[in-house]
Amino acid sequence: MTNDRIADTFDQIADLLEFQSANPFRVRAYRNGARVIRDLSERLSAIVADDPSRLTGLDGIGKDLAEKIETLVTTGELSQLNELLDVVPATVLAIMRVPGLGPKKAAVLFRELGVQNLDQLREACLAGEVRKLKGFAAKTEQTILKGIEIAAAANERILWADADRIAQQVLEHLRACSSIERMELAGSYRRGRETVGDLDVLVVSTDVAEIMDRFADVPDLETVIGRGDTKMSIRLHSGLQVDLRVVPAESFGAALQYFTGSKDHNVTLRGMARERGLKINEYGVYQVDGDQETYLAGATEEEVYATLDLPWFPPELRESREEFAWAAAGELPQLIELQDIRGDLHMHTTATDGKATLEEMVAAARQRGLKYIAITDHSQRVTMAGGLDPARVRKQWATIDTLNADLGDAFTVLKGIECDILEKGGMDLPDDVLAEADWVLASVHYGQNQPRDQITERILGALENPHVTAIAHPTGRLINRREAYDVDLDQVMATAKAQGKLLELNANPWRLDLNDVFCAAAKRHGIPIVISTDAHSVDGLDCLRFGVLQARRAGLTRQDVANTRTCRQLQKLIGGHA
Ligand code: DGT
Ligand code: CA
Ligand code: CA
Ligand code: ZN
């Protein structure tokens, strides 16, 4: 059972307990546990197999949760969850997930009106019964009806790269308003999460009506979900929701901080404020003295954090993982930036499934300011892409030698290959061929459904091949489309470290593989990460920034990423010739 499945189980138990009005401390324990587990790089099943007593050593995992983890790992289920599901109708779970509701409100609807599914909920709203309940107003009925539509549409979270394109269009459209003084995107978009649920836009403006009218007029508008005095929400044809909030200038920093989140980061922050007799919300930081509140800060994020003696946190780090511990120790990492990258070490050409020629890729990379690239076309096993056999790859490498002679010191093209790791194990090209390459990526493309031991063995075998430099897209996941293959990354990392090998952070927005959690684990192992685009066209080279964003979420610095080095330093790192 994967860590994610275990975390989901705990969250579901929390929902069901809350629905039953259980003790809030118990509910919180499960939610905390779920969060800790999601951020864990080590597999719980491995810990259980190794030594279950280590479970309670994890932050947020007490004796009770440890026992449940052990049961889940060994039996695949939990009687407690089954019992809860027996007494709560499954259709009620859908009600809890309606935006604006949640377990507590769902419980009231169930208890007072007997509402058990989305259809009954819609009827109750239309009949005006919901507004009679304590804590529900007529306005909530409208919100719920909209929410039911959303839940029914069940649109998945969109890729960060897609959200970015849409976000830039929306901002561009809003910028025509002369009354805008400040405007920023907040939320998960700003934190650089790999997927985004909705967009959150904050503005300071002297003319709220102008902004909101303009917002209602965006080109891709599907519907205005709601418009209030300071907040407005719309849905675009893509299905993406965009929330707009207009805030006063003296609150802009506080609002930006609050709506950037994450929720967990903010919870920690509020706790720290309380300890100091301060209050922090989306309007500012306040000194609390009896019933008197004095505004201390709020115009900028820096001053908001400063009132708590905290540094400004890059949004990518605001997940309540290690950022507060780093800040306390004065060790907030200096995160890698796009300009730090000097080379791109994974790309394809027309020799296999790329759309641009070798020469076009070189020209495009130079135009983007890169100093070196590796050409890594597919090997022969990838028949669909016209993978290269020894003769063809040697011919390409001869062309590269000529090209390099012309380029001189200005630019270097490394002779590379993306060599398949065969289903039965072993590399797709003979050692004497790989020995002639400057840069060898090893990839799993076939046999992705093999059992864990087999896939892991194949990758370990590749790492032990002296000619292999790095493992490309080490888990094979495609966001929203395909699960990672079942590979023991702990073993992969231990072997990569022992063999002095690198791991890729594939910057393709569908891949982002390794992800943030595993990149952080690789860093702890002391394994250099290489951020590459896997470009199959000239435009594909522009994906580097998505990889950099994911690396920042992992807390990586320039030093942690191999291709921030000069080509000479890189070749030294991988033990090649300079
Ligand atoms: P998303 O949209 O699902 O990708 O994720 P976010 O993080 O953008 O979440 P969203 O849009 O619901 O809210 C934006 C931020 O606003 C969130 O990260 C933290 C803050 N926020 C929103 N609602 C609450 C709340 O009820 N409590 C707290 N503490 N913070 C909230
Ligand atoms: Ca959001
Ligand atoms: Ca939102
Ligand atoms: Zn590739």
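Use the structure listed above.
Residues numbered from 1 in each chain as written. Chains lettered and ligands numbered in written order. Predicted model: local features only at pLDDT ≥ 70, side-chain atom pairs only at ≥ 80, totals over all residues. Heavy atoms only, no water.

(A) The arrangement of the overall build of the protein in detail. When its secondary structure is counted, the protein shows 24 helices and 17 strands. Taking 578 residues into account, the globule formula puts the C-alpha radius of gyration at 25 Å, and the protein, at 26 Å, falls close to it. When the backbone C-alpha atoms are referred to their principal axes, the protein occupies close to 80 × 60 × 45 Å. Here the protein, with 578 residues, has 52% of them falling under the buried criterion. Sequence separation of 24 or more characterises 66% of the internal contacts of the protein that already satisfy a separation of 6 or more. (Helix = DSSP H or I, 4+ residues; strand = E, 2+ residues; numbered from the N terminus. Rg over C-alpha atoms; globule rule 2.2 N^0.38 Å. Buried < 20%, exposed > 50% of the residue type's maximum accessible area, 1.4 Å probe, protein only. Contact = heavy atoms within 4.5 Å.)

(B) Examining the coordination of the calcium ion (ligand 2) more closely. Protein ligation of the calcium ion (ligand 2) involves Asp198 (O), Asp198 (OD) and Asp200 (OD), the donor distances falling in the range 2.2 to 2.6 Å. Coordination geometry of the calcium ion (ligand 2): the six donor atoms subtend angles of 68 to 169° at the metal centre, consistent with an arrangement described as irregular. In this structure, the calcium ion (ligand 2) lies 3.7 Å from the calcium ion (ligand 3), and both are coordinated by Asp198. A residue is classified by how much of its surface remains accessible, and Asp200, at 10% relative accessible area, is buried. (Donors = N, O, S within 2.8 Å, 3.2 Å for Na, K, Ca; no water. Tetrahedral: all angles 85-135°; square planar, octahedral: opposite > 155°, others 65-115°.)

(C) Fine view of the side chain of Asp534. The topology assignment puts Asp534 in the loop between strand S17 (529–532) and helix H23 (544–553). Those residues in contact with Asp534 that lie beyond four places of it in its chain are His346, Met347, His348, His473, Asn506 and Arg511.

(D) Main features of the site of ligand 1. Every one of the 15 residues lining ligand 1 counts as a neighbour, but Arg157, Ser188, Arg191, Gly197 and Asp198 are closest to it. Side-chain polar atom of Ser188 to an oxygen atom of ligand 1: 2.5 Å apart, as the coordinates give it. Within the side chain of Arg270, a nitrogen or oxygen atom sits 3.3 Å from a nitrogen atom of ligand 1. Notes on ligand 1: free accessible area 590 Å², of which the protein chains cover 71%. The set of elements that each furnish at least two residues to the shell around ligand 1 consists of helix H11 (187–191), strand S4 (198–205), helix H13 (252–260) and helix H14 (263–275). Viewed by domain, the shell around ligand 1 spans two of them, domain 2 (158–246) and domain 3 (261–328), each represented by three or more residues. (Near = heavy atom within 4 Å. Polar contact = N/O pair within 3.5 Å; in protein donor to acceptor, adjacent residues only side chain to side chain. Areas by Shrake-Rupley, 256 points an atom, 1.4 Å probe, with all protein chains shown as cover. Domains from an automatic or database assignment.)

(E) The packing of helix H10 (residues 160–174) against H23, seen in detail. Running from amino to carboxyl end, H10 crosses H23 at an angle of 110°, the nearest separation of the two axes being 11 Å. The orientation of H10 with respect to H23, classified from their angle, is roughly perpendicular. Seen along the crossing, H10 lies across H23 with a hand that is right-handed. Contact residues: H10 offers Trp160, Ala161 and Asp164, while H23 offers Arg545, Phe546 and Leu549. Tallied by class, residues from the contact of H10 with H23 come to four nonpolar, no polar and two charged. (Axes fitted to C-alpha atoms, helices over the stretch in contact; angles between N-to-C directions. Parallel < 35°, antiparallel > 145°, perpendicular 65-115°, else oblique. Left-handed = near helix turned anticlockwise from the far one by under 90°. Nonpolar A, V, L, I, M, F, W, Y, C, P; charged D, E, K, R; others polar.)

(F) Expanded view of the nonpolar core. Among the nonpolar cores identified, the biggest contains 98 residues, and Leu199, Ile459 and Ile531 are the most heavily contacted of them. Residue contributions to this core peak at eight residues, all from H10. Each of domain 2 (158–246) and domain 4 (338–577) contributes no fewer than three residues to this core. Aside from chain neighbours lying at most four places away, what touches Ile459 is Ile421, Val444, Ile471, Pro474, Tyr485, Val487 and Val492. Within the second largest apolar cluster, 47 residues are counted, among which are Leu101, Ala106, Ala124 and Ile144. (Core = buried A, V, L, I, M, F, W, Y, C linked by side-chain atoms within 4.5 Å.)

(G) Representation of the sheet that holds strand S5 (residues 221–227). In space, the five strands of this open sheet follow the order S2-S4-S7-S6-S5, with mixed pairing throughout. One side of each edge strand has no neighbouring strand; the edge strands of this open sheet are strand S2 (180–185) and S5. Each neighbouring strand pair of the sheet contributes to a mean axis angle of 20°, computed without reference to strand direction. Note that S2 and S4 share five bridges and pair antiparallel. Each residue of the ladder has a partner; that of Met183, found in S4, is Val203. The strands that helix H12 (residues 208–215) touches are S2, S4, S5, strand S6 (231–236) and strand S7 (241–246); relative to S7, the one it contacts most, it runs at about 170°. (Pairing = 2+ DSSP bridges.)

(H) Representation of the sheet that holds strand S10 (residues 292–297). Taken together, three strands build an open sheet; the order of strands is S8-S9-S10 and the sheet is antiparallel. Every interior strand has two partners, whereas the edge strands, strand S8 (278–281) and S10, have only one. Direction aside, neighbouring strands of the sheet carry axes that sit 30° apart on average. One ladder, built from four bridges, connects S8 with strand S9 (residues 284–289); its direction is antiparallel. By the bridge assignment for S9, Lys279 is matched with Tyr286.

Note that all results are geometric; they support no functional claim without further evidence.
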